[in-house]
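An overview of the molecular structure
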Amino acid sequence: MTTLSQVAQRAGVTSATVSNVLRQRGKVGEETRARVLAAVEALGYRPHLTARALAEGRAPTLALMVSSIANPFYPEYALAAEQAARQHGRFLIVCNTNDDHEIGRAYLDQIAGTLADGVLVMNADPSLDDLKATERRGATVVLGMWEKPHQPPGLPCVAVDFHLAGALAARHLIALGHRKLGVMVGGGVCGVHAERERGFNDALLELGHGNAVVHRMMVHDSVEGGLQAGAAMLAATPSITAVFATNDLPALGLMHAAADLGIKVPQQLSVIGLTDIQSARQSRPALTTVALPTAQAAAMSVALLLELIASPQAQAPMRIAPPPELVVRASTAPPALIFS
């Protein structure tokens, strides 16, 4: 492996000059810079990132922790976060906890402050106490999409108004004329989607339809979870005319269940999700959903993480992402709408 000193020797300069050229710092003449870069190219030199991290006391990478990379929302978020990190000269590594608390804790112990200069956490499995303990050890931690802007977590975060997201879904269904609703709450027993459901129910109360929900189910946050729960819900309560799923994946699974039962969407059943993943746009019928500000929140989270790495603050700041927006597509319509 080519070393920095070998590049310096070939270019006829000091190792410090080579380092300044590669880091784009210090005053280096154009002729010298060209000679150094030519030597780098000729010898195929690549910086040793681990050695650089040890020398500078910081890693060139940021970590993104997600609960399941199989959930298509997280690759979309990771893409936006990686682009933001790269614009700031950083690399992004993705750590998948696979919904396992111990794996999440191990990532925090082994990566935060060592392999990664800071950690961006997305609904992963470490508890807030674990994350705060990691922060006390000197690592920078930011929560990527905190769901409760009214309830700060005690850690730096970018918050998204999920209460509003649920409310938008309820207002849409009521405006279409639906009065017998089903609700599928993703996140399993851990209840991470509780704020979305609360927004949905609060909007129903405000609109004078607090009793409109006739069937509610907790579901696994996946297409398969929506398929299984949807089949059970539609069989148990055939009077339902519309269903709100707190995530697009169960909503898509519900549409599969409806197709298996011969129920037409949206003619006989309206379905609305929440997130606006790419599959929601590609499904047939295309899924009506409440779109989250995924790309904006990712960029804001990376910016906040880098800001805190550069200038640690005593108090945990909260940044508010742009509000969710209703995206009406083909999976919702007035109840019993007859198509000619």
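You'll find the structure just up there.
I will try to describe carefully the structure that is included in this document.

The rules behind these values
- Every chain's residues receive numbers from 1 upward, in the order its sequence appears when written.
- Restriction of local features to residues with pLDDT of at least 70 applies here, the model being predicted, together with a cutoff of 80 or more for giving and counting side-chain atom pairs; totals for whole chains, interfaces and linings are based on all residues.
- In computing side-chain values, all of the structure's heavy atoms are included and hydrogens and water are not.
- Pairing between two strands is assigned when DSSP locates at least 2 bridges connecting them.
- What counts as a helix is a DSSP run of H or I of at least four residues, what counts as a strand is a run of E of at least two, and both are numbered from the N terminus.
- Angles run from 0 to 180 degrees between N-to-C directions of axes, and those axes are lines fitted to C-alpha atoms, restricted for helices to the stretch in contact.
- Any two residues whose heavy atoms approach within 4.5 Å at even a single point are treated as in contact.
- Oblique is the label for any angle not covered by the other classes, which are roughly parallel (under 35 degrees), roughly antiparallel (over 145) and roughly perpendicular (65 to 115).
- If you view the pair so one helix is near and one far, a crossing is left-handed when the near helix is turned anticlockwise from the far one by less than a right angle, and right-handed when it is turned clockwise.
- Classes in brief: Ala, Val, Leu, Ile, Met, Phe, Trp, Tyr, Cys and Pro nonpolar; Asp, Glu, Lys and Arg charged; the others, Gly included, polar.
- When accessible area is computed with a 1.4 Å probe and restricted to protein chains, residues below 20% of their type maximum are described as buried, those above 50% as exposed, and intermediate ones as partly exposed.
- Think of it as the arc spanned by the lines of direction from the helix axis to the C-beta atoms.
- Pairs of N or O atoms within 3.5 Å make up the polar contacts considered here, provided that, within protein, one atom can donate a hydrogen while the other can accept it, and that residues adjacent in sequence are counted only when both atoms are side-chain atoms.
- Charged-residue counts in this description rest on Lys and Arg as positive and Asp and Glu as negative, His and the chain ends being excluded.
- Within this document, salt bridges are pairs made up of a side-chain nitrogen of Lys or Arg and a carboxyl oxygen of Asp or Glu, the two lying within 4 Å of each other.

Notes on the sheet that holds strand β4 (residues 140-146)
With respect to topology, six strands assemble into an open sheet ordered β2-β1-β3-β4-β5-β11, the strand pairing being parallel. Both edges of this open sheet fall to β2 (91-96) and β11 (318-320), since each of them pairs with a single strand only. When the angles between neighbouring strand axes are averaged without regard to direction, this sheet yields 20°. As paired elements, strand β3 (residues 118-122) and β4 share four bridges and run parallel to each other. Within the sheet, the bridge partner assigned to Val-119 lies in β4 and is Val-141. Lying over the sheet, helix α6 (residues 101-111) contacts β1 (61-66), β2 and β3, oriented at roughly 150° with respect to β2.

Remarks on the packing of helix α1 (residues 4-11) against helix α3 (residues 30-43)
Helix-helix packing is characterised by the crossing angle of the two axes and by the distance between the axes. At a minimum axis separation of 9 Å, α1 and α3 run at an interaxial angle of 125°. By the criterion of interaxial angle, the relationship of α1 to α3 is oblique. The hand of the α1/α3 crossing is right-handed. Contacts from Gln-6, Val-7, Arg-10 and Ala-11 in α1 reach Arg-35, Val-36, Ala-39, Val-40, Ala-42 and Leu-43 in α3. In terms of residue class, the contact of α1 with α3 is built from seven nonpolar, one polar and two charged.

Examining the sheet that holds strand β8 (residues 242-245)
The mixed open sheet is built from six strands, whose spatial order is β7-β6-β8-β9-β10-β12. Bordering the open sheet on either side are β7 (213-218) and β12 (325-327), each of which pairs with just one other strand. When the angles between neighbouring strand axes are averaged without regard to direction, this sheet yields 20°. Strand direction decides the pairing type here: strand β6 (residues 181-185) and β8, joined by four bridges, are parallel. The residue of β8 that forms the bridge with Leu-181 is Ala-242. Helix-sheet contacts for helix α8 (residues 162-176) involve β6, β8, β9 (270-275), β10 (288-291) and β12, and the interaxial angle to β9 is about 165°. Contacting β6, β7 and β8, helix α10 (residues 223-236) crosses the sheet at an angle of about 155° to β6.

Things to note about the pairing of β10
Burial along β10 is two-sided: Thr-288 and Val-290 and Thr-289 and Ala-291, pointing in opposite directions, are all buried. Summarising the sheet, β9 and β10 pair through four bridges and their orientation is parallel. Its bridge partner being in β10, Ile-272 is matched across the sheet by Thr-288. When β10 meets β12, the two strands line up antiparallel, connected through three bridges. Along β12, the bridge assignment pairs Thr-289 with Val-327.

So, α6
Within α6 the residues assigned to the buried category are Gly-104, Leu-108 and Ile-111. The arc enclosing the buried residues of α6, seen along the axis, measures out at 100°, which places them on a common side. Packed against the buried residues of α6 are β1, β2, β3 and α7 (128-136). Taking the backbone nitrogen of Glu-102 as reference, a side-chain oxygen 2.9 Å away marks Asp-100 as the first, capping residue of α6.

Regarding the side chain of Arg-33
Note on placement: Arg-33 falls in helix α3. Notably, Arg-33 is buried but unbridged: the nearest opposite-charge side chain belongs to Glu-30, and the N-O separation is 4.0 Å. Setting aside its immediate chain neighbours within four residues, Arg-33 contacts Val-21 and Val-28.

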